[in-house]
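Take a look at the letters that make up each chain.
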Amino acid sequence: MGVLLTVAYDGTDYNGWQVQKNGTTVCGLLEGALAGVLAGRSFSILGASRTDAGVHALGQRVHLRTDGTIPIPLDRLPNVINAALPRDVAVTAAISVPDSFHPISDAKSKTYIYKIHNQPHRCPLRCRYSAFIPNALDFAAMQPACRHFVGEFDFAAFCATGSPVKSTVRRINFLEVSQQEQDGLLEMRVNGNGFLYNMVRIIAGTLVGVGLNKILPDDIPAIIAGKDRAKAGKTMPPQGLTLLEVFY
(Lines give C-alpha, C1' and ligand atoms only; values in the text may rest on other atoms or scores of the structure.)
Protein backbone atom coordinates (compact mmCIF):
# COMPACT_ATOMS: atom_id res chain seq x y z
CA MET A 1 0.00 0.00 0.00
CA GLY A 2 1.24 3.49 -0.80
CA VAL A 3 0.41 6.66 1.14
CA LEU A 4 1.65 10.18 0.45
CA LEU A 5 2.14 12.15 3.64
CA THR A 6 2.51 15.92 3.87
CA VAL A 7 4.88 16.82 6.68
CA ALA A 8 5.66 20.19 8.29
CA TYR A 9 8.54 20.86 10.65
CA ASP A 10 10.68 23.46 12.33
CA GLY A 11 14.16 22.28 11.39
CA THR A 12 16.03 24.37 13.97
CA ASP A 13 16.87 21.55 16.36
CA TYR A 14 17.46 18.79 13.80
CA ASN A 15 20.32 17.58 11.62
CA GLY A 16 18.20 17.85 8.50
CA TRP A 17 15.75 15.40 6.96
CA GLN A 18 17.87 12.37 6.12
CA VAL A 19 18.68 9.77 8.78
CA GLN A 20 22.27 10.03 10.04
CA LYS A 21 24.40 7.99 12.40
CA ASN A 22 24.91 10.96 14.71
CA GLY A 23 22.19 13.48 15.47
CA THR A 24 18.41 13.59 15.46
CA THR A 25 16.73 13.97 12.07
CA VAL A 26 13.15 14.55 10.98
CA CYS A 27 13.08 11.31 8.97
CA GLY A 28 14.32 9.39 12.01
CA LEU A 29 11.59 10.84 14.19
CA LEU A 30 8.92 10.00 11.62
CA GLU A 31 10.20 6.45 11.25
CA GLY A 32 10.08 6.01 15.02
CA ALA A 33 6.52 7.30 15.21
CA LEU A 34 5.38 5.08 12.33
CA ALA A 35 6.97 2.00 13.88
CA GLY A 36 4.58 2.33 16.82
CA VAL A 37 1.55 3.28 14.74
CA LEU A 38 1.96 0.38 12.29
CA ALA A 39 2.36 -2.15 15.08
CA GLY A 40 5.14 -4.32 13.72
CA ARG A 41 4.27 -4.07 10.02
CA SER A 42 7.27 -3.57 7.74
CA PHE A 43 7.38 -0.18 6.00
CA SER A 44 9.68 2.31 4.29
CA ILE A 45 9.50 6.06 3.77
CA LEU A 46 11.11 8.33 1.18
CA GLY A 47 11.00 12.13 1.25
CA ALA A 48 10.73 14.39 -1.78
CA SER A 49 13.51 16.66 -0.53
CA ARG A 50 16.57 16.15 1.69
CA THR A 51 16.37 19.42 3.57
CA ASP A 52 19.54 20.44 5.39
CA ALA A 53 20.08 21.02 9.10
CA GLY A 54 18.14 24.07 10.23
CA VAL A 55 15.89 24.20 7.14
CA HIS A 56 12.11 24.16 7.66
CA ALA A 57 9.18 22.69 5.74
CA LEU A 58 5.47 23.30 5.42
CA GLY A 59 4.93 20.93 2.51
CA GLN A 60 7.52 18.16 2.61
CA ARG A 61 6.09 15.09 0.83
CA VAL A 62 6.84 11.62 2.10
CA HIS A 63 5.95 8.32 0.42
CA LEU A 64 5.01 5.66 2.96
CA ARG A 65 5.04 2.08 1.66
CA THR A 66 3.85 -0.94 3.62
CA ASP A 67 3.49 -4.62 2.78
CA GLY A 68 -0.11 -4.71 3.95
CA THR A 69 -2.98 -2.46 4.87
CA ILE A 70 -2.70 0.39 7.36
CA PRO A 71 -4.93 -0.27 10.39
CA ILE A 72 -6.07 3.37 10.61
CA PRO A 73 -8.32 5.33 8.21
CA LEU A 74 -6.27 7.84 6.23
CA ASP A 75 -8.29 10.80 7.46
CA ARG A 76 -7.28 9.89 11.03
CA LEU A 77 -3.72 8.83 10.28
CA PRO A 78 -2.09 12.28 10.68
CA ASN A 79 -3.48 12.74 14.20
CA VAL A 80 -2.39 9.26 15.25
CA ILE A 81 1.14 9.78 13.94
CA ASN A 82 1.35 13.27 15.46
CA ALA A 83 0.62 11.88 18.90
CA ALA A 84 4.02 10.15 18.72
CA LEU A 85 5.93 13.14 17.30
CA PRO A 86 7.46 16.18 19.04
CA ARG A 87 5.61 19.50 18.80
CA ASP A 88 7.87 20.87 16.06
CA VAL A 89 7.11 18.04 13.59
CA ALA A 90 3.64 17.24 12.26
CA VAL A 91 1.92 15.24 9.53
CA THR A 92 -0.75 17.48 8.02
CA ALA A 93 -2.29 15.21 5.35
CA ALA A 94 -2.34 11.61 4.11
CA ILE A 95 -3.65 10.38 0.75
CA SER A 96 -3.50 7.06 -1.08
CA VAL A 97 -1.13 6.80 -4.08
CA PRO A 98 -0.28 3.95 -6.50
CA ASP A 99 2.53 1.57 -5.54
CA SER A 100 4.49 2.87 -8.55
CA PHE A 101 4.48 6.43 -7.20
CA HIS A 102 7.89 8.00 -6.54
CA PRO A 103 8.05 11.23 -4.49
CA ILE A 104 11.18 12.53 -6.24
CA SER A 105 10.99 11.46 -9.89
CA ASP A 106 7.22 12.08 -10.12
CA ALA A 107 7.51 15.64 -8.75
CA LYS A 108 6.76 18.32 -11.38
CA SER A 109 8.11 21.25 -9.37
CA LYS A 110 8.93 22.53 -5.90
CA THR A 111 8.41 25.92 -4.29
CA TYR A 112 10.74 27.31 -1.63
CA ILE A 113 10.63 30.57 0.26
CA TYR A 114 13.59 32.37 1.80
CA LYS A 115 13.01 35.05 4.45
CA ILE A 116 15.35 37.89 5.35
CA HIS A 117 14.97 40.16 8.36
CA ASN A 118 16.37 43.49 7.15
CA GLN A 119 16.47 45.98 10.00
CA PRO A 120 19.30 47.65 11.95
CA HIS A 121 18.84 45.42 15.00
CA ARG A 122 18.10 41.72 15.19
CA CYS A 123 14.78 40.48 16.54
CA PRO A 124 14.94 37.34 18.74
CA LEU A 125 11.44 36.34 17.63
CA ARG A 126 12.57 36.13 13.99
CA CYS A 127 15.94 34.43 14.39
CA ARG A 128 14.63 30.87 13.88
CA TYR A 129 12.86 31.58 10.59
CA SER A 130 14.81 34.30 8.79
CA ALA A 131 18.35 35.43 8.07
CA PHE A 132 19.31 38.74 9.68
CA ILE A 133 20.94 41.45 7.55
CA PRO A 134 21.39 44.84 9.27
CA ASN A 135 22.57 46.74 6.17
CA ALA A 136 19.78 48.32 4.14
CA LEU A 137 18.96 46.33 1.00
CA ASP A 138 18.05 48.03 -2.28
CA PHE A 139 14.74 46.29 -2.88
CA ALA A 140 14.19 48.18 -6.14
CA ALA A 141 17.35 46.59 -7.57
CA MET A 142 16.54 43.09 -6.35
CA GLN A 143 13.21 42.93 -8.20
CA PRO A 144 14.52 43.21 -11.79
CA ALA A 145 17.38 40.83 -10.96
CA CYS A 146 14.86 38.02 -10.44
CA ARG A 147 13.82 37.81 -14.10
CA HIS A 148 17.32 36.80 -15.18
CA PHE A 149 17.00 33.51 -13.27
CA VAL A 150 13.75 32.43 -14.94
CA GLY A 151 14.20 29.75 -17.60
CA GLU A 152 16.29 26.63 -18.14
CA PHE A 153 20.00 27.15 -17.54
CA ASP A 154 23.13 25.44 -16.34
CA PHE A 155 23.16 26.60 -12.70
CA ALA A 156 26.66 25.29 -11.89
CA ALA A 157 27.52 28.69 -10.37
CA PHE A 158 24.69 28.21 -7.90
CA CYS A 159 25.62 24.77 -6.64
CA ALA A 160 27.79 23.93 -3.64
CA THR A 161 31.30 22.97 -4.77
CA GLY A 162 31.84 19.24 -5.05
CA SER A 163 28.18 18.23 -5.29
CA PRO A 164 27.95 14.83 -7.05
CA VAL A 165 25.27 15.43 -9.70
CA LYS A 166 25.09 14.22 -13.29
CA SER A 167 23.75 17.52 -14.60
CA THR A 168 23.57 21.05 -13.20
CA VAL A 169 20.86 22.12 -15.66
CA ARG A 170 17.62 23.11 -13.98
CA ARG A 171 14.52 25.12 -14.89
CA ILE A 172 13.20 27.96 -12.74
CA ASN A 173 9.54 28.72 -13.42
CA PHE A 174 9.29 31.86 -11.32
CA LEU A 175 11.36 33.88 -8.88
CA GLU A 176 10.03 36.89 -7.02
CA VAL A 177 10.81 38.99 -3.99
CA SER A 178 8.31 40.82 -1.82
CA GLN A 179 8.75 43.28 1.01
CA GLN A 180 6.94 44.04 4.25
CA GLU A 181 8.49 47.38 5.10
CA GLN A 182 6.74 47.77 8.45
CA ASP A 183 8.21 44.46 9.65
CA GLY A 184 11.55 44.72 7.87
CA LEU A 185 10.91 41.37 6.17
CA LEU A 186 11.86 40.39 2.63
CA GLU A 187 10.66 37.13 1.16
CA MET A 188 12.05 35.38 -1.88
CA ARG A 189 9.78 32.79 -3.46
CA VAL A 190 11.08 30.43 -6.14
CA ASN A 191 9.57 27.51 -8.06
CA GLY A 192 11.51 25.12 -10.27
CA ASN A 193 11.60 21.59 -11.61
CA GLY A 194 14.45 20.77 -9.25
CA PHE A 195 17.23 22.40 -7.27
CA LEU A 196 20.92 21.70 -6.81
CA TYR A 197 22.55 21.43 -3.40
CA ASN A 198 22.34 24.87 -1.72
CA MET A 199 20.97 26.38 -4.95
CA VAL A 200 18.11 28.30 -3.34
CA ARG A 201 20.36 29.66 -0.59
CA ILE A 202 22.96 30.77 -3.15
CA ILE A 203 20.32 32.48 -5.29
CA ALA A 204 19.14 34.26 -2.15
CA GLY A 205 22.73 35.27 -1.40
CA THR A 206 23.15 36.59 -4.93
CA LEU A 207 20.00 38.69 -4.62
CA VAL A 208 21.34 40.01 -1.32
CA GLY A 209 24.52 40.94 -3.19
CA VAL A 210 22.34 42.89 -5.62
CA GLY A 211 20.53 44.54 -2.70
CA LEU A 212 23.88 45.60 -1.22
CA ASN A 213 24.91 47.01 -4.64
CA LYS A 214 27.80 44.54 -4.89
CA ILE A 215 26.25 42.83 -7.90
CA LEU A 216 24.33 44.58 -10.67
CA PRO A 217 21.00 43.05 -11.79
CA ASP A 218 22.32 42.79 -15.35
CA ASP A 219 25.38 40.87 -14.12
CA ILE A 220 23.23 37.81 -13.45
CA PRO A 221 23.21 36.37 -17.02
CA ALA A 222 27.03 36.48 -17.15
CA ILE A 223 27.28 34.83 -13.73
CA ILE A 224 25.00 32.02 -14.88
CA ALA A 225 26.85 31.60 -18.19
CA GLY A 226 30.25 31.63 -16.45
CA LYS A 227 29.40 28.58 -14.27
CA ASP A 228 31.84 29.87 -11.63
CA ARG A 229 30.65 29.42 -8.05
CA ALA A 230 32.98 32.21 -6.90
CA LYS A 231 31.13 34.79 -9.02
CA ALA A 232 27.72 34.16 -7.45
CA GLY A 233 26.65 35.39 -4.02
CA LYS A 234 27.33 33.76 -0.69
CA THR A 235 25.36 30.80 0.63
CA MET A 236 22.75 32.21 2.98
CA PRO A 237 22.17 30.51 6.37
CA PRO A 238 19.66 27.65 6.57
CA GLN A 239 17.14 29.13 8.99
CA GLY A 240 15.68 31.47 6.36
CA LEU A 241 14.71 28.59 4.06
CA THR A 242 11.39 26.74 4.01
CA LEU A 243 10.19 24.05 1.61
CA LEU A 244 6.71 25.33 0.89
CA GLU A 245 5.21 22.79 -1.50
CA VAL A 246 5.97 19.92 -3.86
CA PHE A 247 3.72 19.62 -6.91
CA TYR A 248 2.79 16.36 -8.70
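Right, let's walk through the structure included here. (Residues numbered from 1 in each chain as written. Predicted model: local features only at pLDDT ≥ 70, side-chain atom pairs only at ≥ 80, totals over all residues. Heavy atoms only, no water.)

So, on to empty space enclosed by the protein. By the definition in use, this model includes 1 cavity of 30 Å³ or more. Estimates place the volume of the largest cavity at around 50 Å³. If you go around the largest cavity, the residues you meet are Tyr114, Ile116, Met142, Val177, Leu186, Glu187, Met188, Ala204 and Leu207. When residues of the lining of the largest cavity are traced back to their parent elements, those giving at least two are strand E5 (109–117), strand E9 (185–192) and helix H4 (199–211). Considering each element in turn, the lining of the largest cavity owes the most residues, 3 residues, to E9. Looking at the lining of the largest cavity residue by residue, the classes come out as 8 nonpolar, no polar and 1 charged. (1 Å grid on protein atoms, 1.4 Å probe; cavity = no way out; pocket = protein on both sides within 12 Å on 5 of 7 lines; lining within 4 Å. Points joined across faces, edges and corners; volume = space filled by probe spheres on them. Helix = DSSP H or I, 4+ residues; strand = E, 2+ residues; numbered from the N terminus. Nonpolar A, V, L, I, M, F, W, Y, C, P; charged D, E, K, R; others polar.)

For the rest of this paragraph, the subject is the side chain of Glu187. In this fold, Glu187 is placed in strand E9. Here Arg189 takes part through its side chain, which lies 3.0 Å from a polar atom of the side chain of Glu187. Excluding residues within four positions of it along the chain, Glu187 makes contact with Ile113, Tyr114, Lys115, Glu176, Val177 and Ser178. (Polar contact = N/O pair within 3.5 Å; in protein donor to acceptor, adjacent residues only side chain to side chain. Contact = heavy atoms within 4.5 Å.)

Moving on, we come to the environment of Asp154. Note on placement: Asp154 falls in strand E7 (residues 151–154). Measuring from C-alpha to C-alpha, the distance between Asp154 and Arg171 comes to 8.7 Å, with 17 residues separating the pair along the chain. In this view, Asp154 contacts Thr168, Val169, Ile224 and Lys227; residues no more than four positions away in its chain are not counted. Here Ala156 takes part through its backbone nitrogen, which lies 3.0 Å from a polar atom of the side chain of Asp154. Within the local environment of Asp154, its side chain forms a polar contact with the side chain of Thr168, the two groups lying 2.5 Å apart.

Turning our attention to helix H3 (residues 139–146). Listed as buried for H3 are Phe139, Ala141, Met142, Ala145 and Cys146. One face of H3 carries all of its buried residues, which in axial projection span an arc of 155°. In this structure Asp138 caps H3, since a side-chain oxygen of it lies 3.3 Å from the backbone nitrogen of Ala140. (Buried < 20%, exposed > 50% of the residue type's maximum accessible area, 1.4 Å probe, protein only. Arc of directions from axis to C-beta.)

A word on the layout of surface pockets. Counted as a void, the largest pocket has a volume near 720 Å³. Residue lining of the largest pocket: 24 residues in total, with Ser49, Arg50, Lys110, Phe195 and Leu196 positioned closest to the centre. Elements with a minimum of two residues in the lining of the largest pocket: E5 and H4. In the lining of the largest pocket, the residues fall into 12 nonpolar, 7 polar and 5 charged.

Despite not being glycine, Ala39 shows a phi value in the positive range, around 50°. Topologically, Ala39 is positioned in the loop between helix H1 (26–37) and strand E2 (43–47). A positive phi angle, close to 60°, is found at Lys227, a residue other than glycine. Its location among the elements puts Lys227 in the loop between helix H5 (220–226) and strand E10 (241–247). On the accessibility criterion, Lys227 (47% relative accessible area) is partly exposed.

A few words now on the packing of H3 against H4. Between H3 and H4, the least distance of the axes is 8 Å, while the angle of their chain directions is 135°. It follows from the interaxial angle that H3 and H4 lie oblique. In the packing of H3 onto H4, the handedness of the crossing is right-handed. Contacts between H3 and H4 pair Ala141, Met142, Ala145 and Cys146 from the former with Leu207, Val208, Val210 and Gly211 from the latter. Partitioning the contact of H3 with H4 into residue classes produces 7 nonpolar, 1 polar and no charged. (Axes fitted to C-alpha atoms, helices over the stretch in contact; angles between N-to-C directions. Parallel < 35°, antiparallel > 145°, perpendicular 65-115°, else oblique. Left-handed = near helix turned anticlockwise from the far one by under 90°.)

Turning to H1, a few remarks are in order. Its 12 residues give H1 an end-to-end C-alpha distance of 17 Å, which sits within 8% of 16 Å, the value for a rise of 1.5 Å per residue. Looking only at H1, the buried set comprises Val26, Cys27, Leu30, Ala33, Leu34 and Val37. For H1, the angular spread of the buried residues around the axis is 130°, confining them to a single face. Of the surrounding secondary structure, the elements contacted by the buried residues of H1 are strand E1 (2–9), E2, strand E3 (56–66), helix H2 (77–82) and strand E4 (89–97). Within two residues after H1, Ala39 carries a phi angle of roughly 50°, on the positive side. (Expected span 1.5 Å × (residues − 1).)

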